[in-house]
Amino acid sequence: MKNRTPVIIVGGLILLALLGIFATFTNNPSAFLQNILVIALVGLVIFFLVRRFSNSSPQKKEQRAFLKAAKKSKKRLQHKGKDSVIKSSSLGTLSSLKKSNRIKKKSPAHLTVIDGKKGKKKNRASL
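All values derive from a computational prediction rather than experimental measurement.

> Provide a residue-level description of the overall build of the chain, including the pertinent values.
Of the regular secondary structure elements, the chain holds four helices and zero strands. Counting from the amino terminus, the chain carries its helices and strands in the arrangement α-α-α-α. For the chain, the proportion of its 127 residues judged to be buried stands at 1%.

Printed below as a string of structure tokens:
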């Protein structure tokens, strides 16, 4: 058999808590409701503070990733600008500059068309 002492202990604690809540409610209902209200307010404040300062929200992660990508892009553009100034000053002639700036064309994709049943019309009534 399994050891069920933790289940019995937890069940006993829950029963005692329910008994205490019922006794407090029957003795002084206004104090009971006031205590419940204070507990709820403290719980809401803690919830909003944790949610506000938590780093696990997806929107903050996306924002952080966007800012990181923007910084990388800015650095890359700054390096490209410096490299183009260095390249243009190091290259002597205009013709060699034009040759280096030419974009290589990609070879066309070799796609084939598969002929289907072009002569046969669809029977739209069966749809």
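> Describe the packing of aromatic side chains, and please don't skip the residues or the numbers.
Here the structure, examined in full by the defined rule, presents two aromatic pairs. Centre to centre, the rings of Phe25 and Phe32 are 5.3 Å apart; their planes meet at 75°, and the pair counts as edge-to-face. A relative accessible area of 41% places Phe25 in the partly exposed class. Their ring planes at 65° and their centres at 5.4 Å tell us that Phe47 and Phe48 sit as a pair that is edge-to-face.

> Lay out a nonpolar patch on the surface in plain terms, naming residues and giving numbers.
Taken together, the side chains of Leu37, Leu41, Leu44, Phe47 and Phe48 make up a nonpolar region of the molecular surface, amounting to roughly 520 Å² of accessible area. Looking at the secondary structure, you find Phe47 in helix H2 (residues 29-53).

Criteria and thresholds
- Residues numbered from 1 in each chain as written.
- Predicted model: local features only at pLDDT ≥ 70, side-chain atom pairs only at ≥ 80, totals over all residues.
- Heavy atoms only, no water.
- Helix = DSSP H or I, 4+ residues; strand = E, 2+ residues; numbered from the N terminus.
- Buried < 20%, exposed > 50% of the residue type's maximum accessible area, 1.4 Å probe, protein only.
- Phe/Tyr/Trp six-rings, centres within 6.5 Å; stacked < 30°, edge-to-face > 60°.
- Patch = residues over 30% accessible without salt bridge, like charges linked within 9 Å, V, L, I, M, F, W, Y side chains within 5 Å.
- Areas by Shrake-Rupley, 256 points an atom, 1.4 Å probe, with all protein chains shown as cover.
- Salt bridge = Lys/Arg side-chain N within 4 Å of Asp/Glu carboxyl O.

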